[in-house]
Amino acid sequence: MKGNEALAEAAIRAGADAYFGYPITPQSEVIEYLMRENPADRTGMQVLQAESEIAAINMVYGAAGCGKRAMTSSSSPGISLKMEGLSYIAGAELPCVVVNVVRAGPGLGTIQPSQSDYFQAVKGGGHGDYKLIVLAPATVQESVDYVKLAFDLAFKYRNPVMILSDGIIGQMMEKVELFEQMPRSNKEYEWATLGKKPGKNSVIVTSLQLQSEEQEKVNLRLQAKYREVEKNEVRFETYGCEDAEYLFAAFGSCARITRKALDMARAKGIKVGIIRPQTLYPFPVDEISRLAGQVKGILTVEMNAGQMVEDVKLAVNGKTPVEFYGRFGGMIPTPDEILEALEQKIIGG
Amino acid sequence: MTEEIIIAGFGGQGVLSMGQIICYSGVMQGKEVSWMPSYGPEMRGGTANCTAIISDEQISSPVLNRFDTAIVLNQPSMDKFEDAVKPDGLLIYEENGMTRKPRRKDINICSIAAYDESVKMNNTKVFNMIVIGGFLKVRPIIELENVIKGLKKVLPDRYHHLIPLNEEAIHRGMDIIKEEQAVKK
């Protein structure tokens, strides 16, 4: 299945109540698939093409406020438009899933694949001290599995979760195993606005606290939640690290291209391993720090001008040299280029 | 076994669906597969291409810069991908519309007059199936029965009556592909 279509099918199967979106290349197949599949007949899930990306994220805000499993998706310029809404949803502590099939920017940029929205996804993008939980699939299979995981995490922590895909993962086809259809939940959460019940206080969903003392309490509560997320939800994959003298760090589709470079390097006798963060927030700080004590140098490979490399450097904290190789603007690094960068910047450097 | 293939030509020649059919057939044969299309501006009225990978092992990169096989169906694609074939690899080109022959001396080269053959069959839509037939003759990585199974999987039921026609096109391709240059392994 195609990455975007598999992801859309996963949303239906994960028991989503609603999807609100607006088409943009290279993620339009998500809404196209959902419109064609008409999940209202299968599960009762509602699918709506909103009048804009901003409308779509605010529809998600509304549905989430009612305790519903809501999702939206877009690509980079559209995700920028959703950032205000995401900050509000994070501030109001509501669960939702947002998919970004990244294309190259800045501005309208190009429709070709990129990873240049790492900072936006991981560091904020919207205003205020908030965090998104960010999942980075590298295969069509992970695009499917992470939809289910994203809803689980979103409701566990009452926090928006972003799936940071890209034009390669979205457009490519490969084998995929779909999980069984899950029933839609009709659970009535005590924090959801479902109408005031007799004898109970009214529920108010808001991200507005005009009293600074109250706003600080909200922020402290959010920070405590983020520490829990950092403790419990770090996910990563390593390969070839047992005997590694050098290390690649890469995420998403770029990690797969780097994996090819790893095979080529090993064929030449270069002992290199790879760490692929599957959660970009929370970031696998401890594992990178541990590996930094073992290897002679780390090459971070990304399809941007160097974003995750900053988090790698923070994790490494000077223990070993960290270099960067990247292509951007919709260009995709080749395995040959990555191997050459390893040899020149790390081994020869 | 791993076969890394680039298929390139004009939009409308069935380039993307060729890659899909090869991949679906690979799935039927129990292989790992990956298909990555070009979807950029070149799709809007220029050249289209896709990367198809068939392997016994898990596939790492879905995008590549060097290939075991390049199937090129027009001159711009030949110009772009002839140099991307690995040494001892395979280049298959469609004769129709080519203004120059391939230059490489270190690769296997085959030509196929698939367009002319599709005209003879009174159905230019099977052009790409003829090319697939030619490819499978030279690189028999997938059995014909699995290609047919793949077609049944891809095509909606209402088109299943066209499968015998496609099967014939594959056989024609196998018959007409010509070896132009062979390198020693």
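Every value quoted in this text rests on a predicted model; they were computed, and no experiment measured them.

Residues and numbers for the overall build of chain A, please.
Within chain A, the regular secondary structure consists of 13 helices and 13 strands. Against the globule reference of 20 Å for 349 residues, chain A gives a C-alpha radius of gyration of 21 Å, in line with a compact fold. Each principal axis of the C-alpha distribution contributes one length, and for chain A these read about 70 × 50 × 35 Å. Expressed as a percentage of its 349 residues, the buried residues of chain A come to 58%. Contacts in chain A between residues far apart in sequence, at least 24 positions, make up 79% of those at least 6 positions apart. Here chain A displays about 14000 Å² of accessible surface, and carbon together with sulfur accounts for 50% of that area. Here chain A carries 38 positive and 43 negative side-chain charges, and the mean point of each set is 3 Å from the other.

Could you give me a rundown of the interface of chain B and chain A, with the residues and numbers involved?
Counting residues at the interface gives 25 residues for chain B, matched by 23 residues for chain A. Contact between chain B and chain A buries roughly 1900 Å² in total, counting both sides, with carbon and sulfur atoms accounting for 59%. Three residues, Trp35, Tyr39 and Ser60 of chain B, lead the burial of chain B against chain A; their summed loss comes to 31% of the area buried on that side. The tally of links between chain B and chain A comes to 3 salt bridges. Measuring nitrogen to oxygen at the nearest pair gives 3.7 Å for the salt bridge that ties Lys175 of chain A to Glu32 of chain B. In this structure, the connection of chain B to chain A is made through 9 residue pairs in polar contact (both at pLDDT 80 or more). Only helix H1 (15-28) and strand E2 (32-37) of chain B provide two or more residues apiece to the side of chain B that touches chain A. When residues of the side of chain B that touches chain A are assigned to their parent elements, the largest contribution, 6 residues, is made by E2 of chain B.

Explain the side chain of Gln278 of chain A to me, and be specific about the residues and the numbers.
Residues and elements named next belong to chain A. Relative to the helices and strands, Gln278 resides in the loop between strand E10 (272-277) and strand E11 (279-281). Judged by its relative accessible area of 13%, Gln278 falls in the buried class. A distance of 3.1 Å separates a polar atom in the side chain of Gln278 from a polar atom in the side chain of Glu142. Once residues lying within four places of it in the same chain are set aside, the contact partners of Gln278 are Val134, Leu135, Ala136, Glu142, Tyr146, Arg235, Phe236 and Glu237.

Provide a residue-level description of the packing of aromatic side chains, including the pertinent values.
Residues and elements named next belong to chain A. Applying the stated rule across the entire model yields 6 aromatic pairs over all chains. Ring plane angle 45 degrees and centroid distance 5.6 Å describe the contact between Tyr118 and Phe251, whose orientation is recorded as tilted. Taken together, the positions of Tyr118 in helix H6 (residues 118-123) and Phe251 in the loop between strand E9 (246-249) and helix H10 (252-267) put the pair 133 residues apart, joining distant regions of the chain. Assigned by exposure class, Tyr118 and Phe251 land together as buried. A network of ring pairs unites the aromatic residues Tyr118, Phe119 and Phe251 as a single cluster. Here Arg69 stacks its cationic end above the ring of Phe155, 5.7 Å away from the centre of that ring.

I'd like a rundown of the sheet that holds strand E12 (residues 297-302) of chain A, residues and numbers included.
Residue and element names in this part refer to chain A. If you trace the 5 strands from one edge of the open sheet to the other, you get E8-E10-E9-E12-E13, paired in mixed fashion. The sheet is open, and its two edges are formed by strand E8 (236-239) and strand E13 (322-326), each paired on a single side. Strand-to-strand, the axes of this sheet are offset by a mean angle of 20 degrees, without reference to chain direction. As judged from the 4 bridges shared by E9 and E12, these two strands associate in the parallel manner. Across the sheet, residue Leu247 finds its bridge partner in E12, namely Ile298. Sheet strands touched by H10: E8, E9, E10 and E12. Its angle to E10, the strand with the most contacts, is close to 170 degrees.

Can you lay out the nonpolar core for me, pointing to particular residues and giving the numbers?
Counting 120 residues, the largest nonpolar core has Phe248 and Leu342 of chain A as its most contacted members. The biggest single contributor to this core is helix H7 (residues 140-157) of chain A, with 11 residues. Not counting residues up to four positions away in its chain, the partners in contact with Phe248 of chain A are Thr258, Ala261, Leu262, Val272, Gly273, Ile274, Ile275, Leu299, Val301, Ile338 and Leu342 of chain A. If you look at the next biggest cluster of nonpolar residues, it comprises 39 residues, including Met18, Val126, Ile142 and Val147 of chain B.

With reference to specific residues and values, describe the domain arrangement of chain A.
Residue and element names in this part refer to chain A. Entries for chain A in the domain assignment read domain 1 (3-182 + 222-232) and domain 2 (237-347). Once you take the C-alpha centre of each, domain 1 and domain 2 turn out to be 26 Å apart. In this complex, domain 1 contributes 32 residues to the contact, which on the side of domain 2 involves 25 residues. A combined buried area of about 2300 Å² lies between domain 1 and domain 2, and 57% of that area is made up of carbon and sulfur atoms. Where domain 1 touches domain 2, the interface holds 3 salt bridges.

Hey, could you go over the side chain of Arg100 of chain B for me, with residue numbers and the actual values?
All names here are of chain B. Along the chain, Arg100 turns up in the loop between strand E5 (85-94) and strand E6 (108-112). At a separation of 3.2 Å, a polar atom in the side chain of Arg100 contacts the side chain of Glu82. Apart from residues no more than four positions distant in its own chain, Arg100 is found in contact with Gln75, Met78, Asp79 and Glu82.

Thresholds applied
Residues numbered from 1 in each chain as written. Chains lettered and ligands numbered in written order. Predicted model: local features only at pLDDT ≥ 70, side-chain atom pairs only at ≥ 80, totals over all residues. Heavy atoms only, no water. Helix = DSSP H or I, 4+ residues; strand = E, 2+ residues; numbered from the N terminus. Rg over C-alpha atoms; globule rule 2.2 N^0.38 Å. Buried < 20%, exposed > 50% of the residue type's maximum accessible area, 1.4 Å probe, protein only. Contact = heavy atoms within 4.5 Å. Areas by Shrake-Rupley, 256 points an atom, 1.4 Å probe, with all protein chains shown as cover. Lys, Arg positive; Asp, Glu negative; His and termini not counted. Charge placed at Lys NZ, Arg CZ, Asp CG, Glu CD. Buried area = accessible area lost by both parts, 1.4 Å probe. Salt bridge = Lys/Arg side-chain N within 4 Å of Asp/Glu carboxyl O. Polar contact = N/O pair within 3.5 Å; in protein donor to acceptor, adjacent residues only side chain to side chain. Phe/Tyr/Trp six-rings, centres within 6.5 Å; stacked < 30°, edge-to-face > 60°. Lys NZ or Arg CZ within 6 Å of the ring centre and 35° of its normal. Pairing = 2+ DSSP bridges. Axes fitted to C-alpha atoms, helices over the stretch in contact; angles between N-to-C directions. Core = buried A, V, L, I, M, F, W, Y, C linked by side-chain atoms within 4.5 Å. Domains from an automatic or database assignment.

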